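Observations on the three-dimensional arrangement
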Amino acid sequence: MTELDVRTLQQRLAAFAAARDWEQYHTPKNLASALSVEAAELVEIFQWLTPDQSARVMEDPATAPRVADEVADVLAYLLQFCEVLGIDVLAALAAKIERNEGRFPVPESAARQDRHSSE
């Protein structure tokens, strides 16, 4: 597989769970709980780092794979959660961005500054 897409990943995760008879445990409540736990494991890596250390965390060969694994776990549970509830994750994200753009317009002063910096 050269190009990854959300649907293909969701199908692979569903097949993985089905082969192990885990679908029975993949309820919205259980998946939301697992997602929270995995997000907490990602936070744990950064817990005592300074802001500067956290910005460079992927430069550490011992820590970078741990971060990538936890990111993968978070995404896997989120995709499974969306699959179970029939949520199109990319459409939900696009709609949320659009709502946020309306709720939080660019301040006039920032818009003027952007125009001046591009001139």
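Below you will find a few notes about this structure. The structure displayed is predicted, hence computed values, not measured ones. (Residues numbered from 1 in each chain as written. Predicted model: local features only at pLDDT ≥ 70, side-chain atom pairs only at ≥ 80, totals over all residues. Heavy atoms only, no water.)

This part is about unusual backbone geometry. Unusually for a residue other than glycine, Asp21 sits at a positive phi of about 60 degrees. Among the secondary structure elements, Asp21 is positioned in the loop between helix 1 (6-19) and helix 2 (28-46). The class for Asp21 is partly exposed, based on a relative accessible area of 48%. (Helix = DSSP H or I, 4+ residues; strand = E, 2+ residues; numbered from the N terminus. Buried < 20%, exposed > 50% of the residue type's maximum accessible area, 1.4 Å probe, protein only.)

For any two helices packed against each other, the geometry is given by the interaxial angle and the distance between the axes. Direction vectors running N to C along helix 1 and helix 4 (residues 64-85) enclose 90 degrees, while the axes themselves pass 10 Å from each other. In terms of orientation, helix 1 and helix 4 fall into the roughly perpendicular class. The segment helix 1 lies against helix 4, with Val6, Arg7, Leu9, Gln10 and Leu13 engaging Ala76, Leu79, Gln80, Cys82 and Glu83. Of the residues contributing to the contact of helix 1 with helix 4, the split by class is six nonpolar, two polar and two charged. (Axes fitted to C-alpha atoms, helices over the stretch in contact; angles between N-to-C directions. Parallel < 35°, antiparallel > 145°, perpendicular 65-115°, else oblique. Contact = heavy atoms within 4.5 Å. Nonpolar A, V, L, I, M, F, W, Y, C, P; charged D, E, K, R; others polar.)

So, about the packing of aromatic side chains. The geometry of an aromatic ring pair is captured by the separation of the ring centres together with the interplanar angle, meaning the angle of the planes. This structure, assessed with the given rule, holds one aromatic pair. Relative to Trp22, the ring of Phe16 lies with its centre 5.5 Å away and its plane at 70 degrees, an arrangement referred to as edge-to-face. Note on Phe16: relative accessible area 40%, which makes it partly exposed. Assessed through its relative accessible area of 37%, Trp22 is described here as partly exposed. (Phe/Tyr/Trp six-rings, centres within 6.5 Å; stacked < 30°, edge-to-face > 60°.)

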